[in-house]
Amino acid sequence: MGALQTEIERRGERIFDLVDQHPEPLFSKAGFYQRMMALSMRDEHFKVQLFRFVDVLASLDRGSDIVQHLDEYFADMRNGYAPLIRTFTRGARIVPWFSGQLLRWNVSGMARQFIAGKNSADVMKMLRKRRAQGIGFTVDLLGEAVVSEQEAAEYAGRCLELLEHLGRETRGWTDPLGKNTELFPVVNLSVKISALYSQMNPADPADAIAHLAPKLRPILRRARELGAFVNFDMESYAHKNATLELFRTLFTETEFRDWPHVGIVIQAYLRDAENDLLDLLDWGRARGTRFAVRLVKGAYWDFEKIKSRQNGWACPVFLQKPESDLNFELLTRIMLENESIVTSAFGSHNVRSIAHAQALADQLGIDRSRFEFQLLYGMAGPVKRALVEMGYRVREYSPVGELLPGMAYLVRRLLENTSNEGFLRAKFSENVSESELLRNPAELVDQSPNGARHVEVSSDGASLDTPAGDTYENAPLVNFVYQQNQDRMQEALAHVRTQLGQKYPLVINGEKVWIDKTIASINPSSPEDVVGHVAEAGIPEAERAVKAARDAFEKWSRTSFETRCRLLERAADIMHRRRFELSALEVFEVGKAWAEADGDIREAMDFCRFYAHEMRLIGRPRLTQHVLGEESYQHYWPRGVALIIAPWNFPMAILCGMTTAALVTGNTVIMKPAEQSAVIGAMLMEIFEEAGVPPGVLNYLPGKGSVMGAHLVDHKDVDLIAFTGSREVGLRIWESAGKTREGQRELKRVICEMGGKNAVIIDADADLDEAIVDTIYSAFGYQGQKCSACSRLIILEEIYPRAIERLLNAAASLRVGNPEEPGIMVGPVIDGTAYKRILEYIDIGKNESRLAFQRADVPQKGFFIPPTIFTNVSPKTRIACEEIFGPVLSVMKARDLDEAFEIANSTEFALTAGFFSRSPANIERAKAEIVAGNVYVNRSCTGAVVGRHPFGGFKMSGGGTKAGGADYLLQFVVPRVVTENITRHGFAPETTPLYRDEFLGPR
Ligand SMILES: Cc1cc2nc3c(=O)[nH]c(=O)nc-3n(C[C@H](O)[C@H](O)[C@H](O)COP(=O)(O)OP(=O)(O)OC[C@H]3O[C@@H](n4cnc5c(N)ncnc54)[C@H](O)[C@@H]3O)c2cc1C
């Protein structure tokens, strides 16, 4: 055993000895809290329900509501406490007011365990107490979830007040160690960067810095005058780079360059942490003034894991707990070895991590007064006491604030305290032996091939590991947190800009067809810029395309499904290669923000791979039943020539989705993109040509829907029409296709996806931090031009005043502008016609209801419609019933949930809907009662993912088809069954295979 390990063990044992002299259970507050935590650690389901109940409690006012939630969360408990809980709930219902208050009091008690005070005056009592114990403080203002700039400004104001208060109240306080005091001011403020700017976008750190720096400078200036220390806390990974950059930018400014009392957090659970720390040290040396780093493991481990899984990103955090511990030690060493420039604060409750820092500091000859240990308020009290007794500097992280904004913090602490992997639980609850707790984490990291250390990560942050047994996986979204991806997007925008204005031909039967008449596709942000001139097909070209497709059908329909699947997969690979270029083109041609454009390309790739996957499932003839002496196989034939008519709002994804479904099932295709996005359509054609689509199988035919499109819909040789677009055109196609024409072979199949008038309901107990952000995104993301967008918001009366105030402030904070800029949320609407139509609707809305909000500061050039919100909207008015397809939101108030559902279900459409609530019973009702093809609970109502959220509506929203779902392909085929009597003179084979080869002979 090395000398360092021996010393770590010696230190650790000493800490444990001191801890044991003042035995304290894991949860210092006895009674209710301790029992709840004990039960949570034994029963995972109980833990989830308890934390959810705690999460909602602060927002409930009435005793009866509290009791009702208690009942809903715990009624189905199956553990040993179930009878007790049921008895309590029954009793609680008799005296709801009393029981509600009792519960609130108890949960407030839990919160008080971790929150040092409600306000600055309150917290001083605690800080004085700690001072007497030789413990310093850093104060953190709770309330990190801001949804608007008004809330961010309030937070900044409260930070300043807090600083003043602390400065005043601690006058005369001295450093507990009385040594190296110049490194450790008494007043120490921790700030959460995201609480100071509501529009942080990982793609645009420069914008974040431009907004954050002016808010922070007055706080920093005042802190410096008061001789205080300011620390930037670290939050989720999405904000990490911006926080680091902001720190470096501000503290390189002349005014702050020579100020040593500033610090930042490094999270050891991040794989990037070492690089980030080394970069900071280089920066610090160049700056020439000391600064501080608080080293922690990190508080958002569960969140980062979930988020990265959902988006297909490489997980930024280590997946094995000992990896985080080991990294903590590695970073401890780096920090201590660079003591000349960095003041270290070790933020941990783990005795091994602490003992390691102590032993290493000694080994490096660093005096114990030159660094400090920081621990959280309400946690590991005996460890703090032990460290003080050992002569170390200890600072307590003391959150201040009300219960409601403190809930997120409280739940993080509860999770941490009950985590299976946490040190505190192991030591204070499970009584794991000291020697085990002090083991070198290097020995505990699982190095086996299945060990989490071996997760493959590509350089741009995409995950390369595929879950075993899962053959279809969504493509990852581009993670714009990475500078490399931001740069690639900027380069792509610059490159595509040089390509604008080119001409694009039709493609018929594999040949480029140039014609004089062209459609000019323009940039909606800058209408004088032509993105491309696309040949405009007329009736003669339509006839040629039908003939080409019909001729190619014979061979393509008898091409093996595997060949067709591979074509789609090659197309997806090409899209992947050209991903940034295609996204950039969408920014120019249809005004999509970066992430929206990327989402569209991702969806197109997903459609290719998903439909290939689905085709492989249905491609081979399948035995219908095992019957001796006979075999019956069901299989599918393509329908014939498919006409694909696509909209501009998902210019690549929807066009590609409908086209690939037709192609993979063996149909030949005439692909008609929307006029406004015909250049993207040309790109899709180019991609399929490169992928090797045979001549005539896919024909690219942009043109006027009303002329050429209508002609094709009626054409006797078109067998299938897949349409996505407006209700008006959809119904016309549906009707027209119902007429059988002279010479027509098949009954035409119409696959029809139309619009929506989608409602989001905010229940009385909803988490507004989430509901407002998600509703704003659903309503104004891509300017409200998604068919899934929220255009009606129904808020329960009880929560209406607070919700509406936050909603309007959030809308006022949105970033509106040219989407070429990263981080823009609201860009232009698609064209002049849409612009005029939406403005007309806004005028109608002004007459029908109350204009509650309209942005004034939108760009003058381009088709920018100011985000607009109407309130007091009656459900029967035009703006509440008709599809506007723009950034216009109608808000309605509902007395109760019955009325909310009635309003939500009162339109002719049934596409998407959203419901925000923390009542399990109400969530169940929403799942059962909301009439929509896609119902989303506690999340935005846009952003369906292929395979995960099969998408499409019914009523006047469409034919009930589900794009990206398992049944979608069945609409592109005709089922066929072939039955053979296989008995010969009473003899038949014993078994018949479940699948057989395709029937591919000539037809
Ligand atoms: C004073 C102070 C300030 C802090 N400030 C911040 C801050 O600004 N930002 C922030 O994010 N955190 C911050 N933290 C850290 C965080 O809140 C937790 O307290 C800390 O991670 C717990 O670590 P520990 O060493 O005390 O306990 P341990 O029990 O040793 O470690 C628990 C930690 O290990 C990590 N972990 C758990 N499971 C796994 C796994 N399977 N694989 C890999 N890693 C895993 C997680 O980070 C978890 O929190 C702060 C902590 C303190 C004490």
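Residues numbered from 1 in each chain as written. Predicted model: local features only at pLDDT ≥ 70, side-chain atom pairs only at ≥ 80, totals over all residues. Heavy atoms only, no water.

### Things to note about the sheet that holds strand β12 (residues 518–523)
- Spatially, β9-β13-β12 is the arrangement adopted by the 3 strands of the open sheet, whose pairing is mixed. Edge positions in the open sheet fall to β9 (502–504) and β12, since each of these has one partner strand only. The sheet shows a mean angle of 35° between the axes of neighbouring strands, taken without regard to direction.
- Across the sheet, helix α26 (residues 678–691) touches β9, β12 and β13 (526–535), and the angle it forms with β13 is around 40°. (Pairing = 2+ DSSP bridges. Helix = DSSP H or I, 4+ residues; strand = E, 2+ residues; numbered from the N terminus. Axes fitted to C-alpha atoms, helices over the stretch in contact; angles between N-to-C directions. Contact = heavy atoms within 4.5 Å.)

### A short note on helix α14 (residues 351–363)
- The end-to-end C-alpha distance of α14 is 18 Å, a good match for the 18 Å that 13 residues give at a rise of 1.5 Å each.
- V351, R352, S353, I354, A355, H356, A357, Q358, A359, L360 and A361 are the residues of α14 that are buried.
- A distance of 2.9 Å separates the backbone nitrogen of R352 from a side-chain oxygen at the start of α14, and that oxygen is part of N350.
- One or two steps after α14, the chain reaches G365, where phi turns positive at roughly 75°. (Expected span 1.5 Å × (residues − 1). Buried < 20%, exposed > 50% of the residue type's maximum accessible area, 1.4 Å probe, protein only. Polar contact = N/O pair within 3.5 Å; in protein donor to acceptor, adjacent residues only side chain to side chain.)

### Observations regarding the nonpolar core
- L216, F232, F251 and F291 are the most contacted members of the largest nonpolar core, which totals 143 residues.
- At 8 residues, the largest contribution of residues to this core is made by helix α9 (residues 205–226).
- In this structure L216 touches V191, I193, L196, F232, L246 and L250, once residues within four positions along its chain are discounted.
- Among the nonpolar cores identified, the runner-up in size contains 78 residues, and V496, A612, V693 and F972 belong to it. (Core = buried A, V, L, I, M, F, W, Y, C linked by side-chain atoms within 4.5 Å.)

### A closer look at the site of the ligand
- The ligand sits among 31 residues. The nearest are G298, S324, S348, E416 and F423.
- In the model, a nitrogen atom of the ligand is placed 2.7 Å from a nitrogen or oxygen of the M234 main chain.
- Contact distances for the ligand include 2.9 Å between an oxygen atom and a backbone N or O atom of A299.
- Computed on the free molecule, the ligand has an accessible area of 940 Å², of which 94% lies beneath the protein chains in the complex.
- For the shell around the ligand, the elements supplying multiple residues, two or more each, are β4 (262–267), β5 (291–296), α13 (321–337), β7 (372–376) and α16 (403–418).
- Its residues assigned to classes, the shell around the ligand comprises 13 nonpolar, 10 polar and 8 charged. (Near = heavy atom within 4 Å. Areas by Shrake-Rupley, 256 points an atom, 1.4 Å probe, with all protein chains shown as cover. Nonpolar A, V, L, I, M, F, W, Y, C, P; charged D, E, K, R; others polar.)

### Quick look at a nonpolar patch on the surface
- On the surface, a cluster of nonpolar side chains totalling about 650 Å² of accessible area is made up of F88, I94, V95, W97, F98 and L102.
- Counting residues per element, the ones that place at least two in the nonpolar patch are α5 (82–94) and α6 (96–114).
- Sort the elements by how many residues they give to the nonpolar patch and α6 lands first, with 3 residues.
- Summarising the element assignment, I94 is placed in helix α5. (Patch = residues over 30% accessible without salt bridge, like charges linked within 9 Å, V, L, I, M, F, W, Y side chains within 5 Å. Salt bridge = Lys/Arg side-chain N within 4 Å of Asp/Glu carboxyl O.)

### Some points on the pattern of salt bridges
- Taken as a whole, this structure holds 72 salt bridges when the rule is applied.
- For E372, the salt bridge is made with R395, and the minimal N-O distance between the two is 2.9 Å. Remark: R395 occurs in strand β8 (residues 394–400) and E372 occurs in strand β7; sequence separation between them is 23 residues.
- Judged by its relative accessible area of 4%, E372 is buried.
- Connected through shared salt-bridge partners, E7, R10, R11 and D362 make up one network.

### Things to note about the packing of aromatic side chains
- Applying the stated criterion across every chain, the model contains 30 aromatic pairs.
- When the centroid spacing of 5.3 Å and the interplanar angle of 15° are considered together, the rings of Y611 and Y968 count as stacked. With a gap of 357 residues between them, Y611 in helix α24 (residues 594–618) and Y968 in the loop between β29 (954–955) and β30 (973–981) connect regions that are remote in the sequence. As far as the burial class goes, Y611 and Y968 line up, both buried.
- Taking the centre distance of 5.8 Å and the plane angle of 80° together, the rings of W648 and F885 count as edge-to-face. With W648 in the loop between β16 (641–645) and α25 (653–664) and F885 in the loop between α32 (878–881) and β25 (888–894), this pair connects stretches of sequence that are 237 residues apart. (Phe/Tyr/Trp six-rings, centres within 6.5 Å; stacked < 30°, edge-to-face > 60°.)

### Thoughts on the side chain of S194
- Note that S194 resides in the loop between β2 (188–191) and α9.
- Looking at S194, the relative accessible area reads 12%, which means it is buried.
- Residue contacts for S194: discarding those within four places in its chain leaves E144, V146, M200, E235 and H239.

### Regarding the confidence of the model for the protein chain
- Summarising the model, the protein chain shows a mean pLDDT of 93, and 96% of its residues fall at 70 or more.
- Considering only residues more than four positions removed or in separate chains, one finds that residues 464–470, a stretch of pLDDT under 50, has 8 contacts. (pLDDT = per-residue confidence, 0-100.)

### Brief notes about helix α7 (residues 120–132)
- The end-to-end C-alpha distance of α7, which contains 13 residues, comes to 19 Å, matching closely the 18 Å that a straight helix rising 1.5 Å per residue would cover.
- Taken together, the buried positions of α7 are occupied by S120, V123, M124, M126, L127 and R130.
- Positive phi shows up at G134, right after α7, with a value of about 80°.

### Some thoughts on the environment of N338
- Within the secondary structure, N338 is located in the loop between α13 and β6 (342–347).
- Along the backbone, N338 and T563 are 225 residues apart, and their C-alpha atoms lie at a distance of 60 Å.
- If we ignore the near neighbours within four places in the chain, the residues touching N338 are L281 and R285.

### Notes on the pairing of β5
- For β5, the tally of buried residues reaches 6 of 6 residues, placing the bulk of the element in the interior.
- The two faces of β5 match: F291, V293 and L295 on one face and A292, R294 and V296 on the other face are all buried.
- Alignment of β5 against β6, held across 5 bridges, turns out to be parallel. Directly across from R294, in β6, lies its bridge partner A345.

### Quick look at the side chain of E536
- Structurally, E536 can be placed in the loop between β13 and α21 (539–557).
- The exposure class assigned to E536 is buried, which follows from its relative accessible area of 10%.
- Look past the residues within four positions of E536 in its chain and what remains in contact with it is L506, I515, K517, T518, I519, P702, G703 and K704.

### Some thoughts on the state of the cysteines
- Inspection of every chain in the model, using the stated rule, returns 0 disulfides.
- No disulfide involves C881; its sulfur sits 15 Å from that of C790, the nearest cysteine. (Disulfide = S-S within 2.5 Å.)

### Section: the sheet that holds β7
- Strand order in this closed barrel of 8 strands is β1-β2-β3-β4-β5-β6-β7-β8, and the pairing throughout is parallel. If you compare each strand with its neighbour and ignore which way they point, the axes differ by 30° on average.
- As defined by bridge partners, strand β3 (residues 229–232) adjoins β4 across 3 bridges and the pair is classed as parallel. Bridging across to β4, V230 finds its partner in V262.
- Each of β1 (136–141) and β8 is contacted by α7, which is oriented at about 160° to β8, the strand it contacts most.

### Here we look at the packing of helix α33 (residues 897–904) against helix α34 (residues 920–929)
- It is the contact of α33 with α34, at a shortest axis distance of 11 Å, that shows an interaxial angle of 25°. The orientation of α33 relative to α34 falls into the category roughly parallel. Considering only the axes of α33 and α34, their crossing is right-handed. The segment α33 lies against α34, with L897, D898 and F901 engaging N922, R925, A926 and E929.
- Of the residues that constitute the contact of α33 with α34, the class distribution is 3 nonpolar, 1 polar and 3 charged. (Parallel < 35°, antiparallel > 145°, perpendicular 65-115°, else oblique. Left-handed = near helix turned anticlockwise from the far one by under 90°.)

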